[in-house]
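Each chain, letter by letter, is given below.
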Amino acid sequence: MKSTINGIAASDGIAIAKAFRLEHPVLEAKIRNITDIEAEQARLDAALDASRRDLEEIRKRTAGEIGEEEAAIFSAHLLVLDDPELIGPVKEKIKGDGVNAEYALDETASGFITLFESMDNDYMKERAADIRDVTKRILSHLLGVTVPNPALIREEVIVVAEDLTPSDTVQLNPAWVKGFVTDIGGRTSHSAILARTLEIPAVVGIRSAMAEIADGDIVIVDGTTGEVIVRPDEQTLAGYTEKQQAFDLQRGELSRLAGEPSVSADGHRIEIAGNIGSPADAAKVLENGGEGVGLFRTEFLYMGRDSFPTEDEQYEAYRSVLEQMDGRPTIVRTLDIGGDKKLSYMQLPEEENPFLGIRAIRLCLEEEDMFRIQLRALLRASVHGKLKIMFPMIATVDEFRRAKAVLLDEKQKLTAAGTPVGDDFEVGMMVEIPAAALMADAFAKEVDFFSIGTNDLIQYTMAADRMNERLSYLYQPFSPAVLRLIRNVIDAAHRQGKMAGMCGEMAGDERAIPLLLGMGLDEFSMSASSILKARAKAAETSKADMENRIDEILSLASGEEVLEYLENIR
Ligand SMILES: C=C(OP(=O)(O)O)C(=O)O
Ligand SMILES: [Mg+2]
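Basis of the calculations
Residues numbered from 1 in each chain as written. Chains lettered and ligands numbered in written order. Predicted model: local features only at pLDDT ≥ 70, side-chain atom pairs only at ≥ 80, totals over all residues. Heavy atoms only, no water. UniProt positions renumbered as here; feature names shortened; annotations may be inferred. Helix = DSSP H or I, 4+ residues; strand = E, 2+ residues; numbered from the N terminus. Donors = N, O, S within 2.8 Å, 3.2 Å for Na, K, Ca; no water. Buried < 20%, exposed > 50% of the residue type's maximum accessible area, 1.4 Å probe, protein only. Core = buried A, V, L, I, M, F, W, Y, C linked by side-chain atoms within 4.5 Å. Contact = heavy atoms within 4.5 Å. Near = heavy atom within 4 Å. Polar contact = N/O pair within 3.5 Å; in protein donor to acceptor, adjacent residues only side chain to side chain. Areas by Shrake-Rupley, 256 points an atom, 1.4 Å probe, with all protein chains shown as cover. Salt bridge = Lys/Arg side-chain N within 4 Å of Asp/Glu carboxyl O. Disulfide = S-S within 2.5 Å. Domains from an automatic or database assignment. Buried area = accessible area lost by both parts, 1.4 Å probe.

Draft legend 1. Focus on the UniProt feature "domain: PEP-utilising enzyme C-terminal" (unreviewed entry) in the protein chain. As recorded in UniProt, the feature "domain: PEP-utilising enzyme C-terminal" (unreviewed entry) lies at residues 256–541. Helix makes up 40% of residues 256–541 and strand 15%, and the two end C-alpha atoms of the span are 19 Å apart.

Structural data, given as structure tokens:
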């Protein structure tokens, strides 16, 4: 029976395909006593063989379709599978204790995991993560439970999941994943941002998707309205197929703006740039006529792998982006890990409030060696284009100064060693903490540019978790509280002759563009798929007219009133 469920529209467009449930099953390794030891050991061997076949296949396909680097993790898993130091003790335990293979494996592996994780050694911590993953795979074969392998998807699907972590999403191949729906999350959770980067429709925060959608159900995702139709009838299907074609047509029409500059109706020039998570995304920004990169979220280079990227690997990634952008301004943000963005190979402390904890620049200033590797890679790459280095989550002027001092120290060392470093790279900061927005005048004297991170700025201003769908009513980009902070940042930047940009999702929101233009925002950075619509919106807006309205808008009492005001301007 057809049913319609609603969530938060996260990425525009319509996708129609079969559901693929991405669910991590509970694997319980209960103890059983065994009498036929040989048969039990043979059962373990069979599970090892099956796991080996899985991994070889996944490795091969990942290497061929995504890249050798991404496939490396599966080679590491294959090594664990064949490691006599793990498998030997499991077999001995089956024999010595007369217990079943699941239990012997789980106990032995847990012992190694606890031991390796407790060591102050990144290599051993990575091995612990590998053992955990491989153990799950072997257990699933022993228990006859299927674990989903998104890397093996070979038909068009809509991924249905409770949640997609950033490391889940980097493994999805957009050639097959036509859209996704999740029960958890909001418009600015990272899975939603990634969907926009990949230009695939998505609806998040549905709450009942996993309960209502079975594997193989036909699903329509309307990422523009937030509707998800499960098991549609013929008529509904036909209606949405038409809607899908109209959407594609509109996208095609907008593409004529790709080579045009971004100018308001009254001739004011702005820059519209793209947000990226990998060097491959830069091509999408250019295809959509982006005038620069306003945010490269480098933490994605650190995800979907089982060890830190080396300085050379990072250098290559930054160089690739700068070369592709060919002299256009390119803002690369230093590592913003923590909060919901975790690394399997880096143990972060358990915190009560991870979004208020050791993340981003706070972590980098604590783990200075790790930070310096990234800064060296950036400095070496700076000769290949117009690089702007940006620090995330800056709360105090002192933090900015400390981060910049480490950068300049590395620059000096490289120069002393004869390594070429660009002379004209800029150093700026994200404004995503209310304290920084309020103190923008003090910061403006020290930075080369600001980029306002509304995703976090809104959550910290409203004290409403950006990922909690139940608080989405509080997560208000148009709240005058947020708008006043934004204006403060732009004005402070301009008083010092500095550029003010925005790379939070608000910059690509068509309703916000006239308002931001009126406040004088210089640079708007967004998902590649929003660039052309934003350019069209700017072209029909008079900056001078909006400028005259700003005081009135900022004196309204609520986000709802602001939105109503904006809708009535015509
Ligand atoms: C752009 C931002 O950074 P992220 O979404 O990566 O936290 C932001 O906070 O607005
Ligand atoms: Mg942020």
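Draft legend 2. Just the coordination of the magnesium ion (ligand 2), in detail. Around the magnesium ion (ligand 2), the protein supplies Glu-432 (OE) and Asp-456 (OD) as donor atoms, at distances of 2.0 to 2.1 Å. One end of the pair, Glu-432, is in the loop between β14 (426–431) and α15 (434–438); the other, Asp-456, is in helix α17 (residues 454–462), and 24 residues separate them in sequence. Residue class for Glu-432 comes out buried when judged on its relative accessible area of 2%. Here Asp-456 falls in the buried class, since its relative accessible area comes to 3%.

Draft legend 3. Highlighting the nonpolar core. Ranked by size, the top nonpolar core spans 96 residues in total, and within it Phe-391, Phe-450 and Ile-486 carry the most contacts. With eight residues, the top contributor of residues to this core is helix α18 (residues 480–495). Beyond its immediate chain neighbours, meaning those up to four positions away, Phe-450 contacts Met-429, Val-431, Ala-440, Phe-443, Ala-444, Val-489, Ala-493, Met-499, Ala-500 and Gly-501. Grouped together as the second largest cluster of nonpolar side chains are 33 residues, Leu-27, Ile-73, Leu-86 and Ala-101 included.

Draft legend 4. Region of the structure containing the site of ligand 1. Arg-297, Arg-333, Gly-453, Asn-455 and Arg-466 are the nearest of the 16 residues found near ligand 1. At 2.8 Å from an oxygen atom of ligand 1 is found a side-chain nitrogen or oxygen belonging to Arg-333. Here Asp-456 contributes a side-chain N or O atom positioned 3.0 Å from an oxygen atom of ligand 1. Considered on its own, ligand 1 offers 290 Å² of accessible surface; in the complex 100% of this is hidden by protein. Those elements that place two or more of their residues in the shell around ligand 1 are α7 (190–198), β11 (293–297) and α17. With three residues, the top contributor of residues to the shell around ligand 1 is α17.

Draft legend 5. Just the pattern of salt bridges, in detail. The tally for this structure, following the rule as stated, stands at 46 salt bridges. For Glu-102, the salt bridge identified is with Arg-32, shortest N-O distance 3.7 Å. In this pair, Glu-102 sits in helix α4 (residues 101–118) while Arg-32 sits in the loop between β3 (14–21) and α1 (37–65), placing the two residues 70 residues apart along the sequence. Residue Glu-102 is classed as buried on the basis of its relative accessible area, which comes to 4%. Ionic pairing is found between Lys-543 and Glu-547, a salt bridge with its closest N-O pair at 2.7 Å. With Lys-543 and Glu-547 both in helix α21 (residues 543–554), this residue pair falls four residues apart, about one helical turn. Classification of Lys-543 by relative accessible area gives buried; the value is 13%. Look at Glu-547 and you get partly exposed, because its relative accessible area is 42%. Here the residues in one salt-bridge network are Glu-311, Asp-312, Glu-368, Arg-372, Arg-376, Arg-380, Asp-409, Glu-410 and Lys-413, joined through shared partners.

Draft legend 6. Structural view of the state of the cysteines. In the structure shown here, the tally under the stated rule is zero disulfides. Free cysteine Cys-364: the closest other cysteine sulfur is in Cys-503, separated by 16 Å. The class of Cys-364 is buried, set by a relative accessible area of 1%. By relative accessible area, Cys-503 is classed as buried at 1%.

Draft legend 7. Looking closely at the environment of Ser-278. Mapping Ser-278 onto the fold places it in the loop between β10 (269–276) and α10 (281–287). A residue is classified by how much of its surface remains accessible, and Ser-278, at 22% relative accessible area, is partly exposed. Considered as a pair, Ser-278 and Thr-197 are 81 residues apart in the sequence and their alpha carbons are 10.0 Å apart.

Draft legend 8. Quick peek at the domain arrangement of the protein chain. Each assigned domain of the protein chain is listed here: domain 1 (3–23 + 150–253), domain 2 (37–143) and domain 3 (264–567). On a C-alpha basis, the centroid separation for the pair domain 2 and domain 3 is 40 Å. Listed by partner, the interface residues are 10 residues for domain 2 and eight residues for domain 3. Summed over both sides, the interface of domain 2 with domain 3 buries roughly 730 Å², with 48% coming from carbon and sulfur. For the interface between domain 2 and domain 3, the tally reads one salt bridge. When the shortest N-O distance is used, the salt bridge between Asp-306 and Arg-127 registers 3.7 Å. Linking domain 2 with domain 3 are zero residue pairs in polar contact (both at pLDDT 80 or more), by the criterion used here. For the side of domain 2 that touches domain 3, the elements supplying multiple residues, two or more each, are α2 (68–81) and α5 (122–143).

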